[in-house]
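The lines below spell out each chain.
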Amino acid sequence: MVIYRRMTPGDVPFISRLEEETFSMPWSADSFLEMIGKEDARYYVAEEEGRLLGGCGVLMIAGEGNITNVVIAPEARNKGIGTAMLRHLMTEGDKEGLTAYTLEVRVSNAAAIHVYEKLGFESAGIRPGFYEKPAEDALIFWKR
Ligand SMILES: CC(C)(COP(=O)(O)OP(=O)(O)OC[C@H]1O[C@@H](n2cnc3c(N)ncnc32)[C@H](O)[C@@H]1OP(=O)(O)O)[C@@H](O)C(=O)NCCC(=O)NCCS
């Protein structure tokens, strides 16, 4: 059974390694350690029988959640875990009073865009040249 729980310092080596394998501009372990210690941030992992499968996190700003990270290990993708992990993040966020969620995604990232749209996010425009390595526009998504 896959469970979703708060990220702890012990999870950070796995999550930052997964970030490095996945993204051209990954967050460092220190960034995650800093974020999970913040009062206004909530970071989660997906775990199955003690094995970590991915993580995500949200910064809470004035009642809105800015989702900063979403990643699932390659071998665990397309099994509904990313969707369920984000549902968990938003269920917990709702309990804390968040009324809207936003995130950015590369315009070419069809799998992530599919997941966000499935979860009710809608595109609210483009941030030209938001990403580097390679340079690419970001789609801005909101769920209200
Ligand atoms: C985006 C990501 C987190 C999704 O996690 P996941 O566990 O695979 O997600 P799910 O299994 O819940 O859903 C995947 C959906 O995308 C669909 N999908 C997969 N590849 C796709 C593609 N190339 N184009 C369109 N849809 C695609 C799947 O069919 C599935 O949809 P369905 O449930 O309607 O069948 C994962 O792919 C990932 O870690 N990617 C690399 C990191 C990343 O891009 N993070 C987001 C940065 S903004």
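Above this text you will find the structure in question.
Attention here is on the structure that accompanies the text. (Residues numbered from 1 in each chain as written. Predicted model: local features only at pLDDT ≥ 70, side-chain atom pairs only at ≥ 80, totals over all residues. Heavy atoms only, no water.)

### Remarks on the site of the ligand
Then, in step 1: Taken together, 22 residues lie around the ligand, and G80, T83, N109, H114 and K118 are the ones closest in.
Then, in step 2: With respect to the ligand, the backbone of I72 contributes an N or O atom lying 2.8 Å from an oxygen atom.
Then, in step 3: K118 is positioned with one of its side-chain polar atoms (N or O) 2.6 Å from an oxygen atom of the ligand.
Then, in step 4: Protein chains bury 71% of the 970 Å² of accessible surface belonging to the ligand in isolation.
Then, in step 5: Among the secondary structure elements, those contributing two or more residues to the shell around the ligand are β4 (64–72), α3 (81–95), β5 (100–106) and α4 (110–118).
Then, in step 6: Considering each element in turn, the shell around the ligand owes the most residues, seven residues, to α4.
Then, in step 7: In the shell around the ligand, the residues fall into 11 nonpolar, seven polar and four charged. (Near = heavy atom within 4 Å. Polar contact = N/O pair within 3.5 Å; in protein donor to acceptor, adjacent residues only side chain to side chain. Areas by Shrake-Rupley, 256 points an atom, 1.4 Å probe, with all protein chains shown as cover. Helix = DSSP H or I, 4+ residues; strand = E, 2+ residues; numbered from the N terminus. Nonpolar A, V, L, I, M, F, W, Y, C, P; charged D, E, K, R; others polar.)

### Side note on α4
Then, in step 1: Of the positions making up α4, those classed as buried are A112, I113, V115 and Y116. An end-on view of α4 places all buried positions within 160 degrees of arc, on one side of the element. In α4, those exposed residues whose orientation departs by more than 90 degrees from the buried face are A110, A111 and H114.
Then, in step 2: Those residues of α4 that are buried lie in contact with β4, α3, β5 and β7 (136–143).
Then, in step 3: Positive backbone phi, at 100 degrees, marks G120, one or two positions downstream of α4. (Buried < 20%, exposed > 50% of the residue type's maximum accessible area, 1.4 Å probe, protein only. Arc of directions from axis to C-beta. Contact = heavy atoms within 4.5 Å.)

### Observations regarding the sheet that holds strand β1 (residues 2–6)
Then, in step 1: Pairing in this open sheet of seven strands is mixed, and the strands run β1-β2-β3-β4-β5-β7-β6 from one edge to the other. With partners counted over all chains shown, the strands left at the sheet margins are β1 and β6 (122–131), one partner each. The sheet shows a mean angle of 25 degrees between the axes of neighbouring strands, taken without regard to direction.
Then, in step 2: Taken together, the eight bridges between strand β3 (residues 51–61) and β4 define a ladder with antiparallel strand orientation. Along β4, the bridge assignment pairs G54 with I72. (Pairing = 2+ DSSP bridges. Axes fitted to C-alpha atoms, helices over the stretch in contact; angles between N-to-C directions.)

### Overview of α3
Then, in step 1: Here α3 contains 15 residues, and its C-alpha end-to-end distance of 21 Å stays within 8% of the 21 Å for a straight helix at 1.5 Å per residue.
Then, in step 2: Buried residues of α3: I81, G82, T83, M85, L86, L89, M90 and G93, and no others. (Expected span 1.5 Å × (residues − 1).)

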